[in-house]
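Listed here are the chains, written in short residue letters.
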Amino acid sequence: MRVTSSDGTAIAYERAGAGPALVLVDPALGYRGFDNVRGLGERLSADFTVYGYERRGRGDSGDTPPYAVEREVEDLAAVIAEAGGRACVYGFSSGALLALQAAAAGVPIRKLVLMEPPIGTDDDPADAAFTAEMTELVATGRRREAVERFLAGVGVPAEVLAGMAPSMPALDAVAHTIVYDCLISDATTTDLLAKVPTPTLVLDSQGSGDDLTGWAASVAAALPDARHRSLPGGWHGVPVEVLAPVVAEFCRS
């Protein structure tokens, strides 16, 4: 299925289950070809109508230039409109930052659940330099190099990187969207967080490093209406059997 965003871009989505609407937002490089959220959606579809969509530039969704963070906010808004006009939203990693951008822009989000949003530090020159590096690699066609540099740059452990080798062709296909997520990250500041009125649950994994857990705590502290929980899990992830009940409980309340 597809919905049309404000700029005419076709956004592909899937719907499953019954109940209140819940929209899932992929992280950097995530889509049906490299899934990070759809297993959670399967668990939640017993209690919610779950919408999983492919962000612009990924899979079956279109990608109308020039890119702007506002266009991705409009994409999410179009999916929520298709879901009935109001929804809970679960965002993972940089997908959580996109969800925050949407909430700050007034998109009708009933509740937010954010898994380890990588907020970083406002106006950090290193962030701008990293975005410029990713932009250059993509612009010159070095897609695999961009993927490998991005994954290493965001701190993916060596053993996790090794296990991702079979997925590299799927990641190469969406390498250009790395720049999109970098721009979203650069645009998500503590000032923006203060404008998010939405009740929010910020989660992290007890198996993640201090950077990821620290970012989660700082996001929760900066939001006007948020709580923070740490769940048992591995690096930058919590098993769906642990995560799903927590998401369901918060979104039902």
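Everything quoted here is computed from the prediction, not taken from an experiment.

With respect to the packing of aromatic side chains
So, step 1. For the structure on display, the rule yields three aromatic pairs.
So, step 2. Ring centres of Tyr67 and Tyr180 lie 3.9 Å apart, and the angle between their planes is 5°; on these two criteria the pair is classed as stacked. One end of the pair, Tyr67, is in the loop between β4 (49–53) and α2 (69–82); the other, Tyr180, is in helix α8 (residues 177–187), and 113 residues separate them in sequence. Pair check on accessibility: Tyr67 and Tyr180 agree, each one buried.
So, step 3. Its guanidinium or amino end placed over the ring of Phe250, Lys111 lies 4.7 Å from that ring's centre, counting from NZ or CZ.

Some points on α8
So, step 1. Of all the residues in α8, the buried ones are Thr177, Ile178, Val179, Tyr180, Asp181, Cys182 and Ile184.
So, step 2. Against the buried residues of α8 lie α2, α3 (94–104), α4 (125–139) and α5 (143–153).

Remarks on the UniProt feature "domain: AB hydrolase-1" (unreviewed entry) in the protein
So, step 1. The UniProt feature table records "domain: AB hydrolase-1" (unreviewed entry) at residues 32–241.
So, step 2. Between the C-alpha atoms that bound residues 32–241 the distance is 20 Å, and the span itself is 47% helix and 14% strand.

Some details on the sheet that holds strand β6 (residues 109–115)
So, step 1. With respect to topology, eight strands assemble into an open sheet ordered β1-β2-β4-β3-β5-β6-β7-β8, the strand pairing being mixed. A single partner strand is all that each edge strand has here, and the edge strands are β1 (2–4) and β8 (226–231). Each strand axis lies, on average, 25° off the axis of its neighbour in the sheet, ignoring direction.
So, step 2. Looking at chain direction, β1 and strand β2 (residues 10–17) are connected through three bridges and run antiparallel. Bridging from a neighbouring strand, Arg2 pairs with Ala12 of β2.
So, step 3. Packed onto the sheet, helix α10 (residues 210–222) meets β6, β7 (200–205) and β8 and runs at close to 165° relative to β7.

With respect to the pairing of β8
So, step 1. Both β7 and β8 contribute to a ladder of six bridges, which runs parallel. Of the residues in β8, the one forming a bridge with Leu203 is Arg229.

Things to note about the environment of Val3
So, step 1. Structurally, the position occupied by Val3 is in strand β1.
So, step 2. Residue Val3 is classed as buried on the basis of its relative accessible area, which comes to 9%.
So, step 3. Put simply, Val3 and Asp75 are 72 residues apart on the chain and 8.6 Å apart in space, counted from C-alpha to C-alpha.
So, step 4. In this structure Val3 touches Thr9, Ala10, Ile11, Tyr13, Ala78, Val79 and Glu82, once residues within four positions along its chain are discounted.

Reading guide: rules and limits
Residues numbered from 1 in each chain as written. Predicted model: local features only at pLDDT ≥ 70, side-chain atom pairs only at ≥ 80, totals over all residues. Heavy atoms only, no water. Phe/Tyr/Trp six-rings, centres within 6.5 Å; stacked < 30°, edge-to-face > 60°. Helix = DSSP H or I, 4+ residues; strand = E, 2+ residues; numbered from the N terminus. Buried < 20%, exposed > 50% of the residue type's maximum accessible area, 1.4 Å probe, protein only. Lys NZ or Arg CZ within 6 Å of the ring centre and 35° of its normal. Contact = heavy atoms within 4.5 Å. UniProt positions renumbered as here; feature names shortened; annotations may be inferred. Pairing = 2+ DSSP bridges. Axes fitted to C-alpha atoms, helices over the stretch in contact; angles between N-to-C directions.

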